[in-house]
Structure formats: C-alpha cells, structure tokens
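Topology and contacts: notes
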Amino acid sequence: MAEHPLAALFRFSSRQVFRWDRHQGRDLLLIEHPLCQAVFSRQGGQLLHFQPRGQRPWLWCAAHWHNLGAIRGGVPICWPWFGRHPNESGWPHHGWARLNDWRLVSKESDRHGVYLVWRLELCDWRVELHARLGAELDLQLVTQHSDSEACQLSHALHAYWAVSDVSRVSLGGLEGARGQDLLLRQPCQQDGELRVAEGCHRVFRQAGALHLQDLAWQRRLRIDTGAGPNCVVWHPGGRPLGDVSWREALGFLSVQVAGCGADSLTLEPGAEARLSLRARLE
Ligand SMILES: O=P(O)(O)OC[C@H]1O[C@H](O)[C@H](O)[C@@H](O)[C@@H]1O
C-alpha cells in the first residue's frame, strides 16, 4: 500500500501535540497525540488525515492539490450549499467553506485525545467545526446566522474514507434505504449491502450507523451519520478526477452526511443547524 501522502510531514517526530507546517501552499496543523496522528488545513477547516496509533489511515487524501481551489481528500465541508448553487451557476461547487481560511478558535489535548474548534464567519453566517480525535473520530458542524430573515442552507461533511480497493469493499446499514441514484437519474432503494462497481452516486434519505467492511485490510469501520438527514455515497468510477489518477481513486469511498436536495433547510434567524459524523473501529 502506498504511504499516505501526508505521512512525510511526520518524518521528524515532535514532542508538541500541535504544530504548524506548510505544504503545497497551505497552512497545515499537524497533530501528534499518543492516541492518534492527524492533519487539518486552515483552508476549509478541513481534516485531511486521521490515523489512530497502530492502525492504517482512516481518511484518503489526494497526493497533488490544485494551487488554488478545493483540496480533494479528508473531510471537505460543503457549505452553505451542497453541489451546484440553486440560482447562481457561476458560484463554486459545494459552496465557499472549503475555499476560505477558517480560524482555529481553540485547541486542547488530554489523555483521551484532542479537541479543536474551527470557525468561519461570512456575512451574517457563522459555522463551526467541533472536532474530537483520539481512538475515534467525532466531527460536529454547527451553523447559525443572524440575518433578519430565514435563509436556505444545504451542507455536508464530505468524507473520503481510505480503502484497500473500492471495488472490493462493502457498505452495510443502508439496506432498504430510499433515495436518488444520480448516475441513473432515478429514484432508488438499496438492496443489500452497497458495493461499488462502475462508480456510484446515490443520495439516501436515511442516516444512522453504517459499516464499511474492508476484507483485504481486515478492517470494519462504523461510520455514524447521526440524525443526517441524508447519507451520500459517491465514487467517480473510471471518470477522470482532475489530478487524481484512476489508480489513486481506487483508494477511497466517499460516504458523507448531508442535508441537501429535498432535505435542505430553511434556517430561521438564531436557529441552529447541525451535522454529525462519528467513526470508530468495530
Ligand atoms: O469535485 P467536487 O466538487 O469535490 O465534488 C465531488 C462530488 O461531490 C458529491 O459527492 C456530489 O454529490 C458529486 O456530484 C460530486 O461529483
């Protein structure tokens, strides 16, 4: 298995739990805790790498990033819209969040792990990522706005899970779930475990606990999408993906928690919207 593209950043071990570095033109926060190793980019408040001690990485990240634009890998935050903007076709896919620098509001460490809060404020909007990392992964995305009128919101934690070979893993927990198959452009209902042959693009109107089984790596990850409302499963198959080769793309399956499409929100002033993504080894 190829080494994780960010592993080289940890070649020289440090006693500091938190330290900043620079890589491919981005500020990166490197985390070395007794329980795990992790990397965030300031751009997008994006978790790019998470690896509990003695285990393989849980998240996949592209080796080469565009000089400008979104970083493909880890857990990009799609916000305050998912996919194409409903009215402005020229606005960036998946919103502003993953393109802007976030502020690290707090970082703490104890024997159970690290706890970080990243914040982005845009106009009347405020969004925070609360991350708890140790033997497990826990991400909470919290949105509020102070506009005087209700606002539309769609969002996602667009996780890229590392796998041995996407064509050989299975995803359980969606059996019977209904949704939209965006490749076939028709409604779908999941029959049995989900397997990816020639690409996959399904948005399910169901969330909760999923099970990513990787026999080659003898690993089973429980991915809990909480209250959702949506779970998106995506893989481009053989479709070209910018700077990511076909072979490199075999190394991930994107399993996301989202609020999108018919489940997008109308957020009243002062109200709060949340997305939750948790993972642990089973
Ligand atoms: O290439 P990106 O803008 O990062 O989007 C990657 C993918 O994200 C989501 O899964 C969307 O549902 C897909 O339509 C999109 O292709």
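Residues numbered from 1 in each chain as written. Predicted model: local features only at pLDDT ≥ 70, side-chain atom pairs only at ≥ 80, totals over all residues. Heavy atoms only, no water.

- In the nomenclature of an unreviewed UniProt entry, the protein chain corresponds to Putative glucose-6-phosphate 1-epimerase from the organism Aquipseudomonas ullengensis.
- Database annotation for the protein chain, UniProt heading Catalytic activity (unreviewed entry): "alpha-D-glucose 6-phosphate = beta-D-glucose 6-phosphate". (UniProt positions renumbered as here; feature names shortened; annotations may be inferred.)

1. Some points on the state of the cysteines
- Within this structure, the stated rule accounts for 0 disulfides.
- Unpaired in this structure, C188 has its nearest cysteine sulfur neighbour in C200, at a distance of 8.4 Å.
- Overall, C188 belongs to the buried group, its relative accessible area being 15%. (Disulfide = S-S within 2.5 Å. Buried < 20%, exposed > 50% of the residue type's maximum accessible area, 1.4 Å probe, protein only.)

2. A closer look at the sheet that holds strand β18 (residues 219-224)
- Pairing is antiparallel in the open sheet, where 8 strands are placed in the order β6-β7-β8-β9-β22-β18-β17-β13. The open sheet is flanked by β6 (103-110) and β13 (169-172), the only strands paired with a single partner. Each neighbouring strand pair of the sheet contributes to a mean axis angle of 15°, computed without reference to strand direction.
- Alignment of β13 against strand β17 (residues 209-214), held across 4 bridges, turns out to be antiparallel. Each bridged residue has a counterpart across the sheet, and for S170 the counterpart in β17 is Q213. (Pairing = 2+ DSSP bridges. Helix = DSSP H or I, 4+ residues; strand = E, 2+ residues; numbered from the N terminus. Axes fitted to C-alpha atoms, helices over the stretch in contact; angles between N-to-C directions.)

3. Section: the nonpolar core
- Judged by nonpolar contacts, the single largest core of 59 residues is most densely connected at F40, L47, L157 and W161.
- When residues in this core are grouped by element, the largest group, 5 residues, is from strand β8 (residues 125-133).
- In terms of nonpolar packing, the next biggest core, distinct from the first, is built from 20 residues, L6, W60, W217 and F252 among them. (Core = buried A, V, L, I, M, F, W, Y, C linked by side-chain atoms within 4.5 Å.)

4. Topic: the layout of surface pockets
- Taken as a whole, the largest pocket encloses approximately 940 Å³ of empty space.
- Along the wall of the largest pocket there are 33 residues; nearest its centre are F82, G83, H93, L182 and H201.
- For the lining of the largest pocket, the secondary-structure elements that each account for two or more residues are β14 (178-181), β16 (200-204) and β19 (230-235).
- At 4 residues, the largest contribution of residues to the lining of the largest pocket is made by β19.
- Taken together, the residues of the lining of the largest pocket break down into 11 nonpolar, 14 polar and 8 charged. (1 Å grid on protein atoms, 1.4 Å probe; cavity = no way out; pocket = protein on both sides within 12 Å on 5 of 7 lines; lining within 4 Å. Points joined across faces, edges and corners; volume = space filled by probe spheres on them. Nonpolar A, V, L, I, M, F, W, Y, C, P; charged D, E, K, R; others polar.)

5. Section: the sheet that holds strand β1 (residues 18-23)
- If you trace the 4 strands from one edge of the open sheet to the other, you get β1-β2-β3-β4, paired in antiparallel fashion. Because the sheet does not close on itself, it has two edges, and the strands there are β1 and β4 (46-52). Between one strand axis and the next, the sheet turns by 20° as a mean value, whatever way the strands run.
- Relative to β4, strand β3 (residues 36-41) runs antiparallel, the two sharing 6 bridges.

6. Some words on the site of the ligand
- Neighbouring residues of the ligand: R72, F82, H93, H94, R98, H158, H201, W234 and Q256.
- Between the ligand and R98, the relevant distance is 2.9 Å, taken from an oxygen atom to a side-chain nitrogen or oxygen of the residue.
- Contacts to the ligand include H201, whose side-chain N or O atom sits 2.6 Å from an oxygen atom.
- Within the complex, 82% of the 390 Å² of free accessible area of the ligand lies under protein.
- When atom positions are compared with the pocket grids, the ligand is found to occupy the largest pocket.
- Split into classes, the residues belonging to the shell around the ligand amount to 2 nonpolar, 5 polar and 2 charged. (Near = heavy atom within 4 Å. Polar contact = N/O pair within 3.5 Å; in protein donor to acceptor, adjacent residues only side chain to side chain. Areas by Shrake-Rupley, 256 points an atom, 1.4 Å probe, with all protein chains shown as cover. Sits in = over half its atoms within 2 Å of the grid points.)

7. Some details on the packing of aromatic side chains
- Applying the stated criterion to the full structure yields 12 aromatic pairs.
- Ring centres of W81 and W96 lie 5.5 Å apart, and the angle between their planes is 80°; on these two criteria the pair is classed as edge-to-face. With W81 in the loop between β5 (77-78) and β6 and W96 in the loop between β5 and β6, the pair connects residues that are 15 residues apart, well separated along the chain.
- What makes W81 buried here is its relative accessible area of 5%.
- When the ring of W91 is compared with that of W96, the centres are 5.5 Å apart and the planes differ by 50°; the resulting orientation is tilted.
- For W91, a relative accessible area of 37% corresponds to the partly exposed category.
- Overall, the relative accessible area of 31% leaves W96 in the partly exposed class.
- Ring-pair connections join several aromatic residues into one group, and the members of that group are W60, Y160, W234 and F252.
- The ring of W20 is capped by R42, whose NZ or CZ atom sits 4.4 Å from the centre of that ring.
- One cation-aromatic arrangement involves R132 over Y115; the distance from NZ or CZ to the ring centre is 4.9 Å. (Phe/Tyr/Trp six-rings, centres within 6.5 Å; stacked < 30°, edge-to-face > 60°. Lys NZ or Arg CZ within 6 Å of the ring centre and 35° of its normal.)

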